[in-house]
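Structural overview for review
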Amino acid sequence: MRRVVLIDTDTASDDAVALIMALRSPLVEVAAITVVAGNVPLEQATRNALFTAELCGSKVPVFAGAAKPLQRELEPATWFHGLDGLGDCGYAPVRRIAEKTHAAEAIVACVHENPGLEVITLGPLTNLALALALDPSIVGKIGRCVVMGGAPCCEGNVTPAAEFNIWVDPEAARAVLLSGLGIELVGWQLSRWDAVVSAPEIEAILALGTPFAEFAIRCNGRAREAYLVQTAEHGISLPDPVAMSVLLQPQLVLEASKHFVEIETASALTRGMTVVDRLNNSGDSRNTKLWQPARAQMQPASVVWKLDVAGWKQLLLNSLA
Ligand code: RIB
Ligand code: CA
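The present account deals with the structure reproduced in this document.

Reading the values: the criteria
- Residues numbered from 1 in each chain as written.
- Chains lettered and ligands numbered in written order.
- Predicted model: local features only at pLDDT ≥ 70, side-chain atom pairs only at ≥ 80, totals over all residues.
- Heavy atoms only, no water.
- Donors = N, O, S within 2.8 Å, 3.2 Å for Na, K, Ca; no water.
- Helix = DSSP H or I, 4+ residues; strand = E, 2+ residues; numbered from the N terminus.
- Buried < 20%, exposed > 50% of the residue type's maximum accessible area, 1.4 Å probe, protein only.
- Near = heavy atom within 4 Å.
- Polar contact = N/O pair within 3.5 Å; in protein donor to acceptor, adjacent residues only side chain to side chain.
- Areas by Shrake-Rupley, 256 points an atom, 1.4 Å probe, with all protein chains shown as cover.
- 1 Å grid on protein atoms, 1.4 Å probe; cavity = no way out; pocket = protein on both sides within 12 Å on 5 of 7 lines; lining within 4 Å.
- Sits in = over half its atoms within 2 Å of the grid points.
- Contact = heavy atoms within 4.5 Å.
- Salt bridge = Lys/Arg side-chain N within 4 Å of Asp/Glu carboxyl O.
- Phe/Tyr/Trp six-rings, centres within 6.5 Å; stacked < 30°, edge-to-face > 60°.
- Lys NZ or Arg CZ within 6 Å of the ring centre and 35° of its normal.
- Expected span 1.5 Å × (residues − 1).

**Quick look at the coordination of the calcium ion (ligand 2)**
Ideal geometry at a metal centre: 109.5 degrees between donors when four sit tetrahedrally, and 90 or 180 degrees when six sit octahedrally. Within the first shell, the calcium ion (ligand 2) binds the protein through Asp-10 (OD), Asp-15 (OD), Asp-15 (OD), Leu-122 (O) and Asp-240 (OD), at distances of 2.2 to 2.6 Å. Written as a sequence motif, the donor arrangement for the calcium ion (ligand 2) is D-x4-D-x106-L-x117-D. In this pair, Asp-15 is assigned in helix α1 (residues 13–23) and Leu-122 in the loop between β4 (117–121) and α5 (126–134), connecting sequence segments 107 residues apart. Accessibility assignment for this pair places Asp-15 and Leu-122 in one class, buried.

**Things to note about the site of ligand 1**
In the vicinity of ligand 1, 13 residues are found, and the nearest of them are Asp-14, Asn-157, Glu-163, Asn-165 and Asp-240. Asp-15 places a polar side-chain atom, nitrogen or oxygen, 2.9 Å from an oxygen atom of ligand 1. Taking Asp-240, its side chain carries an N or O atom lying 2.5 Å from an oxygen atom of ligand 1. Contact with the protein chains hides 96% of the accessible area of ligand 1, taken as 270 Å² for the molecule alone. Given that more than half its atoms are within 2 Å of the pocket grid, ligand 1 belongs to the largest cavity.

**Regarding the environment of Asp-308**
With respect to the element layout, Asp-308 can be found in the loop between β10 (301–307) and α13 (309–320). Among the residues examined, Asp-308 registers a relative accessible area of 26% and is labelled partly exposed. On a C-alpha basis, the gap between Asp-308 and Leu-252 in space is 4.9 Å, while along the polypeptide they are 56 residues apart. In this view, Asp-308 contacts Leu-252 and Leu-254; residues no more than four positions away in its chain are not counted.

**Examining helix α9 (residues 211–218)**
Taken as a whole, α9 has its buried residues at Phe-212, Ala-213, Phe-215, Ala-216 and Ile-217. Along its buried surface, α9 packs onto α1, α2 (42–55), α8 (199–206), α10 (221–231) and α13.

**Details of the pattern of salt bridges**
Taken as a whole and assessed by the stated rule, the structure comprises 11 salt bridges. For the salt bridge of Lys-313 with Glu-201, the shortest nitrogen-to-oxygen distance reads 2.8 Å. Pair noted here: Lys-313 is in helix α13 and Glu-201 is in helix α8, with a separation of 112 residues, a long-range link. A salt bridge links Arg-222 to Glu-225, with the nearest nitrogen and oxygen atoms 3.2 Å apart. On the criterion of helical spacing, the pair formed by Arg-222 and Glu-225 is a turn pair, its members being 3 residues apart in helix α10. Salt bridges sharing common partners tie together Arg-3, Glu-118, Arg-144 and Glu-184.

**Regarding the packing of aromatic side chains**
The full count for this structure, using the stated rule, is 4 aromatic pairs. An angle of 45° between the planes, with centres 5.6 Å apart, marks the rings of Phe-51 and Phe-215 as tilted. A residue pair is termed long-range when its members are at least 10 positions apart, and Phe-51 in helix α2 and Phe-215 in helix α9 qualify at 164 residues. Judged by relative accessible area, which is 3%, Phe-215 ranks as buried. Directly above the aromatic system of Trp-167 lies the positively charged group of Arg-271, at a separation of 3.9 Å from the ring centroid. Sitting over the face of the ring of Trp-305, Arg-278 holds its NZ or CZ atom 3.5 Å from the ring centroid.

**A few points about α2**
Taking 1.5 Å of rise per residue, the 14 residues of α2 would be expected to cover 20 Å, and the 20 Å separating its terminal C-alpha atoms lies within 8% of that figure. Of all the 14 residues making up α2, 10 are buried; the element is thus mostly covered by neighbouring parts of the structure. Looking at the buried positions of α2, the neighbouring elements they touch are α1, β2 (28–35), β3 (62–64) and α9. Among the residues trailing α2, Gly-57 stands out with phi positive, at a value near 65°.

Keep in mind that these numbers describe shape and distance, not what the molecule does.
Here it is in structure tokens:
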């Protein structure tokens, strides 16, 4: 019996590879793709999701959702992924269009139709926050919620303090973390250093000779250049596929622990920071009077600290073969 999954995405080049991994996996059935503005505006992200689904021969329903964060203006990442989000390679838009239902309503319906549904978010958490506001009861019916986001106890990629998905809509991220959902937090740092797809590994993927492999590398060409400028690291960093590998194969997580995670929403300097209570001293009586109301419904998030990198890369290769 395949596990049923819903993917929420701001479909740019790394999201697209994560979508391919799920759509081609024998382990899961993708019940829906919901789209949120983030890397690129909503219309473009929706086109990119439809394009990727067509590449995989999938008719999975695609639902467009929030065109901007809950309270802020959208600040896309076209500087990283290209104007179209897919490396500006000129991919022709597909004929299929998105469903009429709003993504937030689609998430609620999908959870009720599939108790135990596994949810993965690959973009800002706007759609999920809207769905939770629409029907808080889904908290008890969602089996897993893997969030690609955050920079737990480390530097961010969009500011020194914050990772892009959380930074774009920190109010949504805070609402999700306070909702009572059990979050598995896969931070940006897990897609760096040895987890980056190196030049030889890029050649090995291209040697597969499949349209999936060619697309995965080509649409991430711009991201590869931007990543080098951003970090001085060579290769293609794929945060969303890393998060997808955790969803598909939880055993790839080598180290994780549960902590209260708060999101900064007020400060301009640390907007979107995932403040992880790694020493769990917030439970200390000295602090509880400060945070008690919020903590009452908070679930500690399972923060992933270490990934089986070889396993992640093998899964990526298998997904593109
Ligand atoms: O910070 C990386 C995340 O932001 C990835 O999900 C990428 O696609 C962008 O959405
Ligand atoms: Ca993304």
